[in-house]
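An overview of the molecular structure
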Amino acid sequence: MMEYDFGPKHPLKPIRLQRTEALLRAMVPDLVCIDPGLAEPEEIAFVHSQDYIEVTQSLSTGEQVPAEVLFSYGFGSVDTPPFRGMFGAALAYCGGAVRAAEDLLVGEELAFNIGGGLHHAQRSRASGFCVFNDPAISLMILKQRFKKLMYVDIDLHHGDGVQAIFEDDPDVLTLSIHESGKTLYPGTGFVEETGAGGAIVNIPLEARTTGDTWIWAFREVFARAVNWFQPEAIVLQMGCDPHTNDPLGHLAVTVQEWLAAVTLVKKTGLPILACGGGGYAIENVPRMWAAAVMELSGIEIPERAPDSIPIEWGVSAIFDADPGDRWIGRQEAERVVEYWKEKLV
Ligand SMILES: [Zn+2]
């Protein structure tokens, strides 16, 4: 998973995983952290087309392909350029998706794939730093046991890949709260996007929306969606880029406001597979994911990281200072909530 790396100038940095693991090991002495091994190409094919899998494999060995092929499979951009070893690195985070899903199949209530959450990958196209769509692979495997599944995406960006892969499947509800596609990649995720059986719920919020508005809108819509859909298990994508310091977006959510969404998902009491996702401020990601793992596991989160964690990582204070009431973006959020109040009955 550490080899999933688009280069030193790319915002997606594998060091996020290393520091998250180090912080978790320091805070949770009996943490069970396993190497899941690689996913099998047949497991990738649960979600992705054979031709796309083959192109990914060829590019990974450094093979040259015509520019039009590169572009048609989504590898022609600076966001998601092909790199040597890409195929194996992508199989690694998908291995986490498979193993975590298999744990839920045999009755575990909770499993994590922190190296995953690559929600933008489409069936036959790489997109937005994502080669294979591991949350979708987890959902496909979970269908062996659970009839109705809910995908909950609290990343800054719309979970467009997962939505597209399940848009015709009435047994998988995808719910995503994100900065509006009017101002941010991938430019989708509006309330009007509906799937077969109405199993798509989007909560787009304006740029500059603050965390008090964000968690209010999430609470209102998530509770109604759970009640309306009655899922049997949840896949939670925990992108931490809604944070106010994140360099890629324009939301202003604190650690504790973001974590409150994780708490609401936990309170459903359903089996949960939680994966990582976006998060580009390196001083945020380890503390937010460590806090989320502890919250979902029912472990009390300390105010401060242990002294063994280097001060220069910037994660010593787990939570942010309380910013007080801001309520920016509330009007637009109220419109979205009203929309879903009418639909989810
Ligand atoms: Zn993101």
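The text that follows walks through the structure, step by step, so that each part is easy to find. For clarity, every value in this text was computed on a predicted model and none was experimentally measured.

Per the stated rule, a full pass over the model turns up 13 aromatic pairs. Ring geometry for phenylalanine 129 against tyrosine 280: centres 5.7 Å apart, planes inclined by 80°, an arrangement best described as edge-to-face. Here phenylalanine 129, found in the loop between β1 (110-113) and α6 (134-142), pairs with tyrosine 280, found in the loop between β6 (272-275) and α10 (285-297); they are 151 residues apart in sequence, far enough to count as distant. Given the relative accessible area of 8%, phenylalanine 129 is considered buried. Taking relative accessible area as the criterion, tyrosine 280 reaches 14% and is therefore assigned buried. Ring centres of tryptophan 214 and phenylalanine 218 lie 6.3 Å apart, and the angle between their planes is 10°; on these two criteria the pair is classed as stacked. Taken together, the residues tryptophan 214 and phenylalanine 218, both in helix α8 (residues 211-229) and four residues apart, mark about one turn of the helix.

Moving on, we get to the coordination of the zinc ion. Each protein donor to the zinc ion is listed here as Asp155 (OD), His157 (ND1) and Asp241 (OD); together their distances run 1.9 to 2.1 Å. Here the donor residues of the zinc ion are spaced in sequence according to D-x1-H-x83-D. Residue histidine 157 is located in the loop between β2 (149-153) and α7 (160-165), and its partner aspartate 241 is located in the loop between β5 (233-237) and α9 (255-266); the two are separated by 84 residues in the primary sequence.

Glancing now at unusual backbone geometry. A cis amide bond, omega 0°, links tyrosine 185 with the succeeding residue proline 186. Relative to the helices and strands, proline 186 resides in the loop between β3 (172-179) and β4 (200-205). Phi at arginine 208 is positive, roughly 80°, even though this residue is not glycine. With respect to the secondary-structure elements, arginine 208 resides in the loop between β4 and α8.

Here we take up the side chain of aspartate 169. By the element assignment, aspartate 169 lies in the loop between α7 and β3. Residue classification places aspartate 169 among the buried positions, given a relative accessible area of 15%. Separated by 2.9 Å, the side chain of aspartate 169 and the backbone nitrogen of aspartate 171 make a polar contact. When sequence neighbours within four positions are dropped, the list of residues in contact with aspartate 169 reads Lys143, Ala196 and Ala199.

Turning our attention to empty space enclosed by the protein. Gaps left between atoms show up when a probe the size of a water molecule is rolled over them. Within this structure, the stated rule accounts for one cavity of 30 Å³ or more. Empty space within the largest cavity amounts to approximately 30 Å³. As for the largest cavity, its lining consists of Tyr151, Asp153, His158, Gly159, Gln163, Thr174, Leu175, Ser176, Val201 and Asn202. Breaking the lining of the largest cavity down by element, the ones donating at least two residues are β2, β3 and β4. The biggest single contributor to the lining of the largest cavity is β3, with three residues. Partitioned by chemical class, the residues of the lining of the largest cavity number three nonpolar, six polar and one charged.

As a further point, take the pattern of salt bridges. Enumeration over the complete set of coordinates arrives at 11 salt bridges. Between lysine 143 and aspartate 169 there is a salt bridge, with the nearest N and O atoms lying 2.7 Å from each other. One end of the pair, lysine 143, is in the loop between α6 and β2; the other, aspartate 169, is in the loop between α7 and β3, with 26 residues separating them in the sequence. On the basis of relative accessible area, lysine 143 is assigned to the partly exposed category, the value being 31%. One salt bridge connects arginine 335 with glutamate 332, and the closest N-O pair in it is separated by 2.7 Å. Here arginine 335 and its partner glutamate 332 are both found in helix α11 (residues 330-343), three residues apart, which amounts to about one turn of the helix. Connected through salt bridges with shared partners, the residues Asp212, Glu257 and Arg326 form a single ionic network.

Counted at 1.5 Å a residue, the expected span for α10 with its 13 residues is 18 Å, and the 18 Å between its end C-alpha atoms agrees. For α10, the tally of buried residues reaches 12 of 13 residues, placing the bulk of the element in the interior. If you check which residues of α10 are buried, you get Val285, Pro286, Arg287, Met288, Trp289, Ala290, Ala291, Ala292, Val293, Met294, Glu295 and Leu296. Lining the buried residues of α10 we find α1 (15-27), β1, β5, α9 and β6. Once α10 ends, the next one or two residues include glycine 298, with phi positive near 75°.

The rules behind these values
- Residues numbered from 1 in each chain as written.
- Predicted model: local features only at pLDDT ≥ 70, side-chain atom pairs only at ≥ 80, totals over all residues.
- Heavy atoms only, no water.
- Phe/Tyr/Trp six-rings, centres within 6.5 Å; stacked < 30°, edge-to-face > 60°.
- Helix = DSSP H or I, 4+ residues; strand = E, 2+ residues; numbered from the N terminus.
- Buried < 20%, exposed > 50% of the residue type's maximum accessible area, 1.4 Å probe, protein only.
- Donors = N, O, S within 2.8 Å, 3.2 Å for Na, K, Ca; no water.
- Polar contact = N/O pair within 3.5 Å; in protein donor to acceptor, adjacent residues only side chain to side chain.
- Contact = heavy atoms within 4.5 Å.
- 1 Å grid on protein atoms, 1.4 Å probe; cavity = no way out; pocket = protein on both sides within 12 Å on 5 of 7 lines; lining within 4 Å.
- Points joined across faces, edges and corners; volume = space filled by probe spheres on them.
- Nonpolar A, V, L, I, M, F, W, Y, C, P; charged D, E, K, R; others polar.
- Salt bridge = Lys/Arg side-chain N within 4 Å of Asp/Glu carboxyl O.
- Expected span 1.5 Å × (residues − 1).

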